[in-house]
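Coordinate inspection notes
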Amino acid sequence: MRVGVIGSGTMGGRHVGAWTALGAEILLYSPTATRRADLASRSAATAVDSLDQLLESVDLVDICTPTDTHRELTEQAARAGRHVVCEKPLARSVADAEAMLEFCTAAGVALFAAHVLRYFPAYADARRSVAAGEIGAPRALRLSRAVDWPDDAPWLLDPARSGGVLLDLMIHDLDYARWVAGEVVRVEAGCERGDRIVRGWAILTHEGGAVSDVRGAWGTDFQSVFDIDGTDGTLGWDAATAPAGDGPEDAPYRSQLADFAAAIRLGSAARVTAADGLAALRIALAAVESHRTGRSVELAG
């Protein structure tokens, strides 16, 4: 497969590394010539000078750019007849995400939402256990995630572009909560910002009665934690105390992109679909709206 990666930031680099491990031939484009040349020099990707050159030369386009650019780039790729992988969040608005799905369907190309948390082994294993009934019905989920201050991606600090911590960071765990406990019918959320720290929280009520407490932060030490309480047991994991993994850092990204490539090749369903990306976006934007208004937001189950 010939893959065109758009974007030369952190996620562009991770995706280039994962596609390289999968044996893909990679073309790379970003508007900043020095950054794309630097990433190409550190990887197996070949930098190209224009988006048109990339689109005419690949089978699949992998979009790793700021959220507010996703719709336009997806439509350009679909117009060229290329399948699309799009980094999370799928778009900055529900209207844009819906348009992306409709455009790709009309063009006859696949669209995949890159919610990579579903491919991290501890998270995937826990979900399999819940689906198998090993802890009974899920009743309460507690999920938290924290990362460094985004100095390398200042656009994240512009809510008009990124949606802020509630949308950009916490959508990982909002998607996971829905995957484990089912559709979300109510969201209550808030956010507070200090000096180089932003903290967000969201309480999700699921259709089946489970409640998820999701926390996220920019500007602290890395954290990735979950606890899932069921009617017959509990599952939990904390990256801080978990044994070091044996695989490479990009292994979940490699698993994710391999799944997407197999779905194209075999016509099968991927673990996460564009419809999942749209559903996660609805939840995250409901959290943004709840923070703005100070009121809970109802969602259709």
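Details of the structure are given in the entry above.
The present account deals with the structure reproduced in this document. (Residues numbered from 1 in each chain as written. Predicted model: local features only at pLDDT ≥ 70, side-chain atom pairs only at ≥ 80, totals over all residues. Heavy atoms only, no water.)

1. Looking at the packing of aromatic side chains
Keep this limit in mind: Each Phe, Tyr or Trp ring (for Trp, its six-membered ring) is paired with any other whose centre lies within 6.5 Å, and the angle between the two planes then decides the class: stacked below 30 degrees, edge-to-face above 60, tilted in between. Per the convention used, a helix needs a DSSP run of H or I reaching at least four residues, while a strand needs a run of E reaching at least two, with both numbered from the N terminus. Only protein chains enter the accessibility calculation, which uses a 1.4 Å probe; a residue is then buried when its area is under 20% of its type maximum, exposed when over 50%, and partly exposed in between.
On inspection of all chains with the given rule, the structure shows eight aromatic pairs. Here the aromatic rings of Tyr 176 and Trp 179 are separated by 6.0 Å at their centres, their planes lie at 65 degrees, and the arrangement is edge-to-face. Placement of both Tyr 176 and Trp 179 in helix 9 (residues 171–181) is noted, with a separation of three residues, approximately one turn of the helix. Judged by its relative accessible area of 0%, Tyr 176 falls in the buried class. Since its relative accessible area comes to 15%, Trp 179 is described here as buried. Three or more aromatic residues joined by ring pairs make a cluster, and in this case those are Tyr 123, Tyr 176, Trp 179, Phe 226 and Trp 237.

2. What to know about helix 5 (residues 94–107)
Think of an α-helix as turning once every 3.6 residues; residues three or four places apart then point the same way. This is how it is decided: How far a helix is expected to stretch is found by multiplying one less than its residue total by 1.5 Å. The contact criterion used throughout is that any non-hydrogen atoms of two residues lie within 4.5 Å.
For helix 5, built from 14 residues, the straight-helix expectation of 20 Å at 1.5 Å per residue is met to within 8% by its first-to-last C-alpha distance of 20 Å. Here helix 5 has its buried residues at Val 94, Ala 97, Ala 99, Met 100 and Cys 104. Those residues of helix 5 that are buried lie in contact with helix 4 (70–79), strand 5 (83–87), strand 6 (111–114) and helix 11 (274–293). Positive phi appears at Gly 108, one or two residues downstream of helix 5, with a value of about 75 degrees.

3. Things to note about the layout of surface pockets
Stated formally: Cavity and pocket criteria rest on a 1 Å grid covering protein atoms alone: a 1.4 Å probe that fits but cannot get out defines a cavity, protein on both sides within 12 Å along at least 5 of 7 lines defines an open pocket, and an atom within 4 Å of a point defines a lining residue. Grid points are joined across faces, edges and corners, and a volume is the space filled by probe spheres set on the points. For this classification, the nonpolar set comprises Ala, Val, Leu, Ile, Met, Phe, Trp, Tyr, Cys and Pro, the charged set comprises Asp, Glu, Lys and Arg, and every other residue, Gly included, is treated as polar.
Considered as a void within the structure, the second largest pocket measures approximately 230 Å³ in volume. Lining the second largest pocket are 14 residues, with Pro 159, Gly 163, Gly 164, Val 165 and Cys 191 sitting closest to its centre. If you list the elements that add at least two residues to the lining of the second largest pocket, you get helix 8 (164–168), strand 8 (184–194) and helix 11. Here the lining of the second largest pocket takes three residues from helix 8, the largest share from any one element. Along the lines of polarity and charge, the residues of the lining of the second largest pocket split into nine nonpolar, three polar and two charged.

4. Digging into the environment of Val 5
When you line up the elements, Val 5 lands in strand 1 (residues 2–6). Since its relative accessible area comes to 0%, Val 5 is described here as buried. A sequence separation of 222 residues divides Val 5 from Asp 227, and the C-alpha atoms of the two residues are 35 Å apart. If near-sequence neighbours (up to four positions away) are discounted, Val 5 is found in contact with Gly 12, Val 16, Trp 19, Ile 26, Leu 27, Leu 28, Tyr 29, Leu 54, Asp 62 and Cys 64.

5. Considerations on the sheet that holds strand 5
Note the cut-off: Strand pairing is defined by DSSP finding a minimum of two bridges between the two strands. Note on method: axes are straight lines fitted to C-alpha atoms, helices fitted across the in-contact stretch only, with angles between N-to-C directions ranging 0 to 180 degrees.
Read across the open sheet, the six strands follow the order 3-2-1-4-5-6; overall the sheet is parallel. Single-partner strands in this sheet number two, and they are strand 3 (46–47) and strand 6. Where strand 2 (residues 25–29) and strand 3 come together, two bridges link them in parallel fashion. Counterpart to Leu 28 in the pairing with strand 3 is Ala 47. Together, strand 2 and strand 3 form the strand contacts of helix 2 (residues 33–41), whose direction differs from that of strand 2 by roughly 155 degrees. Each of strand 1, strand 4 (60–63), strand 5 and strand 6 touches helix 4; the most contacted strand, strand 5, lies at about 165 degrees to it.

6. What to know about the state of the cysteines
Inclusion rule: In this description, the term disulfide denotes a pair of cysteine sulfurs within 2.5 Å.
Within the structure shown, the criterion is met by zero disulfides. With no disulfide of its own, Cys 86 lies 8.5 Å from the sulfur of Cys 64, the closest cysteine sulfur. Distance from the sulfur of Cys 104, which forms no disulfide, to the nearest cysteine sulfur (Cys 86) is 9.1 Å. Since its relative accessible area comes to 1%, Cys 104 is described here as buried.

7. Description of the sheet that holds strand 12 (residues 233–238)
Reading across from one edge, 12-11-7-10-9-8-13 is the order of the seven strands in this open sheet, with mixed pairing throughout. Each having just a single partner strand, strand 12 and strand 13 (297–298) make up the two edges of the open sheet. Relative to the sheet, helix 6 (residues 121–131) contacts strand 7 (138–147), strand 11 (223–230) and strand 12, its axis offset from that of strand 11 by approximately 5 degrees. Across the face of the sheet, helix 11 comes into contact with strand 8, strand 9 (197–206) and strand 13 while running at roughly 55 degrees to strand 8.

In short, shape yes, function no, at least from these values alone.
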